[in-house]
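# Survey of secondary and tertiary structure
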Amino acid sequence: MSLADLTLDRWRSLDPAAAGRLAHEAAAQVGGRVVLLDAVGHLGGTLHRVRIEREGREFALVPGGTVRLGFDLDAWEPTPAQAADYAASVEEGYGYGHEDLTSYLADVLSPPRTATLATVFMAVEDEALTESAADMPAALAAHGLRMPGADEWEHACGAGADTLFRWGNACPLDEPSYGNGRVRHEPNAFGLHIAYDSYGTELSADPTAVHGGDGGEAVCGGYGDLLGWLPLATANRNPYAAEFTYGPDGEGMYEEFSTRPVLSLH
């Protein structure tokens, strides 16, 4: 079996010894070394986590296969606090013209679907762009790396969870969506430090989307507490932030954006 074809379901079914053998095989394939191999509770079972080091970067193993992506609004209901907070934002003129929270989310989140993804190593930390978005693929390719696809980023963030955020459907509205909040800074199920600060703006290979933050737009604009948190939602593609980022106004601000390098397996 190709390591790139390893599925999340098969990975979850392995015993620790088999997972360890595959981890070292995958690390050797990309010229890295395993620095962490542990397991965490995950979706009612156990998930092996692998972290490797290669040329000064740390990467986490992200098993793929046919995975569920997007957010199913039909199976979700906002809490009274979330609905009230969004209503207050609408009264202030925010929400891009959407009078109700569900229609707003339908506009900014990716729809529910399945996708078939390869297993990869993805950088534990996002990194500031050193070139324009158009030139970053070539800059990363020089080191055997690439930008993630938008679906890859979303899967890596949510790790199979079907909740609004990678940690659940709720967010602490009485806390800021930036800074040192505990829930956002804990590693996710794959061991990634991801979707942790609304001031971040992570780019993928899809120029119609940005991920993991909106550059602080909602916070600085006083849009409201929930709208300040929603850029951290797993399926949030931030089309309005993407339009700015890839437009003429964002072209000279590339150092303000980041990406999460990927190592492909075969």
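Residues numbered from 1 in each chain as written. Predicted model: local features only at pLDDT ≥ 70, side-chain atom pairs only at ≥ 80, totals over all residues. Heavy atoms only, no water.

### Details of the overall build of the protein
To keep things clear, this is the line we draw: Each helix is a run of DSSP H or I of at least 4 residues and each strand a run of E of at least 2, with the numbering of both proceeding from the N terminus. The atom set for the radius of gyration is the C-alpha atoms, and the globule formula is 2.2 Å times the number of residues raised to the power 0.38. In this description, contact between two residues means that some pair of their heavy atoms is separated by no more than 4.5 Å.
Across its full length, the protein carries 10 helices and 11 strands. Relative to the 2.2 N^0.38 estimate, which gives 18 Å for 266 residues, the radius of gyration of the protein is 18 Å and therefore close to what a compact globule would have. Along the three orthogonal principal directions, the C-alpha set of the protein runs to about 55 × 45 × 30 Å. Intrachain contacts of the protein at a sequence separation of at least 6 include 72% that bridge at least 24 residues.

### Things to note about the pattern of salt bridges
Selection criterion: Put simply, a salt bridge is a Lys or Arg side-chain nitrogen that is within 4 Å of an Asp or Glu carboxyl oxygen. For the exposure calls, accessible area comes from a 1.4 Å probe over protein chains only, and a residue counts as buried if that area is under 20% of its type's maximum, exposed if over 50%, partly exposed in between.
Counting across every chain of the model gives 12 salt bridges. Two residues, glutamate 58 and arginine 51, come together in a salt bridge whose shortest N-O distance is 3.1 Å. Accessibility expressed as a relative area gives 22% for arginine 51, which makes it partly exposed. Note that glutamate 152 is salt-bridged to arginine 146, the shortest N-O span being 2.8 Å. Classification of glutamate 152 by relative accessible area gives buried; the value is 12%. Among the residues examined, arginine 146 registers a relative accessible area of 27% and is labelled partly exposed. Salt bridges sharing common partners tie together Arg113, Asp151, Glu154 and Arg237.

### Side note on the pairing of strand E1 (residues 33-42)
For the record, the criterion: What makes two strands pair is DSSP finding at least two bridges between them.
Bridge count for E1 against strand E2 (residues 45-54) is nine bridges, and the pairing is antiparallel. When the bridges of E2 are listed, valine 40 appears paired with leucine 47. Connecting E1 to the antiparallel partner E2 that follows it, the hairpin turn spans two residues, and leucine 43 within it adopts a positive phi of roughly 50°.

### So, the sheet that holds strand E11 (residues 262-264)
Rules: Axis definition: a line fit to C-alpha positions, over the contact stretch in the case of helices; interaxial angles, taken between N-to-C directions, run 0 to 180 degrees.
Read from one edge to the other, the open sheet built from five strands follows the order E1-E2-E3-E6-E11, with strand pairing classed as antiparallel. Lying at the two open borders of the sheet, with one neighbouring strand each, are E1 and E11. Each adjacent strand pair in this sheet contributes to an overall mean axis angle of 25°, direction not counted. As defined by bridge partners, strand E6 (residues 120-123) adjoins E11 across three bridges and the pair is classed as antiparallel. Bridge pairing links phenylalanine 121 to leucine 263 in E11. Helix-sheet contacts for helix H2 (residues 16-29) involve E1, E2 and E6, and the interaxial angle to E1 is about 140°.

### Digging into the sheet that holds strand E7 (residues 127-128)
Within the open sheet, the four strands sit side by side as E7-E10-E8-E9. Their pairing is mixed. Each edge of the open sheet carries a strand with a single partner, namely E7 and strand E9 (210-211). Of the strand pairs in this sheet, strand E8 (residues 202-203) and strand E10 (residues 258-259) are connected by two bridges, and their pairing is parallel. Paired with glutamate 202 across the two strands is serine 258, which belongs to E10.

### Considering the side chain of aspartate 214
As a reminder of what qualifies: Only four residue types enter the tally: Lys and Arg on the positive side, Asp and Glu on the negative side; His and the chain ends are excluded. N or O atoms closer than or at 3.5 Å make up a polar contact, with two conditions inside protein: a donor-capable atom paired with an acceptor-capable one, and, for residues adjacent in sequence, both atoms drawn from side chains.
On the secondary structure map, aspartate 214 appears in the loop between E9 and helix H8 (217-220). Despite its burial, aspartate 214 remains without a salt bridge, the nearest opposite charge being carried by arginine 184 at 11 Å. Looking at aspartate 214, its side chain comes within polar contact range of the main-chain nitrogen of glycine 216, at 2.9 Å.

### Looking at unusual backbone geometry
For leucine 43, which is not glycine, the phi dihedral falls at a positive 50°. Note on placement: leucine 43 falls in the loop between E1 and E2. At alanine 159, a position not held by glycine, the phi torsion is positive, near 55°. Examined against the element boundaries, alanine 159 turns out to sit in the loop between helix H6 (150-158) and helix H7 (182-185). Residue alanine 159 is classed as buried on the basis of its relative accessible area, which comes to 1%.

### A word on the pairing of E2
Bridging between E2 and strand E3 (residues 57-62) involves four bridges; their strand directions are antiparallel. Paired with isoleucine 52 across the strands is phenylalanine 59, a residue of E3. The hairpin formed by E2 and E3 contains two residues between the paired strands, and glutamate 55 there has a positive phi angle of roughly 50°.

### Quick look at the side chain of glutamine 82
Locating glutamine 82 in the fold gives a position in helix H3 (residues 80-91). Side-chain polar atoms of glutamine 82 contact the backbone nitrogen of threonine 79, separated by 3.0 Å. Each residue touching glutamine 82, except ones within four places of it in the same chain, is listed here: Trp76, Leu101, Asn169, Ala170, Cys171, Leu173 and Leu226.

### Quick look at the packing of aromatic side chains
Cut-off, in case you're wondering: Aromatic contacts are taken between Phe, Tyr and Trp rings whose centres are within 6.5 Å, Trp giving its six-membered ring; a plane angle under 30 degrees counts as stacked, one over 60 as edge-to-face, and the others as tilted.
Per the counting criterion, the structure on display carries eight aromatic pairs. When the centroid spacing of 3.8 Å and the interplanar angle of 20° are considered together, the rings of tyrosine 96 and tyrosine 240 count as stacked. With tyrosine 96 in the loop between H3 and helix H4 (101-108) and tyrosine 240 in helix H10 (residues 239-245), the pair connects residues that are 144 residues apart, well separated along the chain. For tyrosine 240, a relative accessible area of 30% gives the class partly exposed. Their ring planes at 0° and their centres at 5.0 Å tell us that phenylalanine 165 and tryptophan 167 sit as a pair that is stacked. Judged by its relative accessible area of 24%, tryptophan 167 falls in the partly exposed class.

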